[in-house]
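Report on the structure
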Amino acid sequence: MFLIVKFLTINTVLPIAFVIRVHYQVIVMFSIVCLMISLLIYMLFYMYYKSVREKKHVKWLLISDLLIRKAVFYEDEMEAETLIPVTARAEKLMNNKQFRKFLTSEILSAKKNIIGTAADNLKHLYQQLQLEKYALKNLDSRYWHIKAKAIQELTVMEMKEFITELYPYTNNQNELVRMEAQTAIVQFNGFEGLRFLDVVTYPISDWQQIKLLQQLSHVPPMNISIDCWLGSANNSVVVFALKLARNYHRFELHDNILPCLDHPDARVRLEAINFLCDIYTDETSDELISRFLKEDFQHQLAMIKAFQSIGSEKDILFLLSLLDEENYEIMLSAARALAKIGKNGLTSLLDHANIAGYPLNEMVMQIKGEMQIKGELAA
């Protein structure tokens, strides 16, 4: 009886399992075919859309190019009320948001590459088409990249009249928005544009400081007040103020900058040392020596390198003491400083090297070679 039941069960289950397996394979094959058809349809639609878009952009490019050429090569004298001829097709397209963005991009690209009257004419076209109102509207966007792009657009088009609207963004929470706004303010107002340093609470990055200094190098220097920024609660503002003081040789700020050697921020102290390399008095070396032991290695090394410029005979004993240090960089920098002090410094270095031996004697040979090469170049 048991064998009969088992036989009947096997004969019933196997056909059902076979049917399920075949059915599953059919479903899988059908799904793959549907997926391939869907992918093919998507690719066809995408290629069609791309083709239509490219054709549209070609037409837009021709219209934009015509407008820009009319502005750039406008022969008559441009007055405030002068209107550059705009085709009916272009006027109609101005209601299209995508076309406005395309045209604005083309105008900005052209404006970046030309100067003089042609650049002024492009600005006139930009204002005639009232494109600035869309940039101002984008300043209120909740997306930081739209804000940054709007500020950049107004900067390139030299919309100085909107400086009041741009100023609050110099302390925006987004770094790129801040950078664009700070760049714009300095481009429009030069040194006077640095007034944003009075209120900025976010850090000014090293890269942004380089950009600002580069911008300022293209405008006539002004004797602006820097000492107020040396006491800023924003450490990056203090660092930037020190760089300004050094770049523009503000000798009168020497005593104001000495307290920065005791600043809690390491970057401020380092920049103060760099300032004192170029702008110093007879007492500057004493200020550095009194703080030497309290500083970390990088700041100590910067101080020793400063002695190559500010060192005098009264500093020889201090520098000789550094020749007994175990650190190679400290020894080499101190040896270079002694060699540059003068005859007494070089003599003291040679005497110490004869006693100390290796590796100081090899450093002295290296320094002599450097001095000889510089002497030949100077000759």
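Residues numbered from 1 in each chain as written. Predicted model: local features only at pLDDT ≥ 70, side-chain atom pairs only at ≥ 80, totals over all residues. Heavy atoms only, no water.

**Quick word on the overall build of the protein chain**
The condition is simple: In this description a helix means any DSSP run of H or I spanning at least four residues, a strand means any run of E spanning at least two, and both kinds are numbered starting from the N terminus. Burial status follows relative accessibility: with a 1.4 Å probe on protein chains alone, a residue under 20% of its type maximum counts as buried, one over 50% as exposed, and anything between as partly exposed. Contact definition: two residues touch when any of their heavy atoms are within 4.5 Å. Each accessible area value is a Shrake-Rupley result obtained with a 1.4 Å probe; residue values ignore everything except the protein chains displayed when judging cover.
When its secondary structure is counted, the protein chain shows 18 helices and zero strands. With 379 residues in all, the protein chain has 40% of them scored as buried. Taking the contacts inside the protein chain whose residues are at least 6 apart along the sequence as the reference set, 66% of them involve residues at least 24 apart. About 23200 Å² of surface is accessible on the protein chain, with carbon and sulfur atoms providing 59% of the total.

**Digging into the packing of aromatic side chains**
Under the convention used in this document: We call Phe, Tyr and Trp rings a pair once their centres come within 6.5 Å, taking the six-membered ring for Trp, and we label the pair stacked below 30 degrees between planes, edge-to-face above 60, and tilted otherwise.
Tallied over the entire structure, the rule returns five aromatic pairs. Ring plane angle 80° and centroid distance 5.2 Å describe the contact between Phe191 and Tyr248, whose orientation is recorded as edge-to-face. Here Phe191, found in the loop between α8 (175–189) and α9 (206–216), pairs with Tyr248, found in the loop between α10 (235–247) and α11 (254–257); they are 57 residues apart in sequence, far enough to count as distant. When its relative accessible area of 4% is taken as the criterion, Phe191 is described as buried. For Tyr248, a relative accessible area of 26% puts it in the partly exposed group. Each residue in the set Trp60, Phe99 and Phe102 is aromatic and connected to the rest through ring pairs, giving one cluster.

**A short note on the nonpolar core**
We count it as follows: As used in this record, nonpolar core signifies buried Ala, Val, Leu, Ile, Met, Phe, Trp, Tyr and Cys residues forming a set joined through side-chain atoms within 4.5 Å.
Counting 104 residues, the largest nonpolar core has Leu194, Phe196, Leu197, Trp229 and Leu288 as the members making the most contacts within it. With nine residues, helix α16 (residues 328–341) is the largest single contributor of residues to this core. Each residue touching Trp229, except ones within four places of it in the same chain, is listed here: Leu194, Leu197, Asp198, Ile224, Val237, Val238, Ala241 and Leu244.

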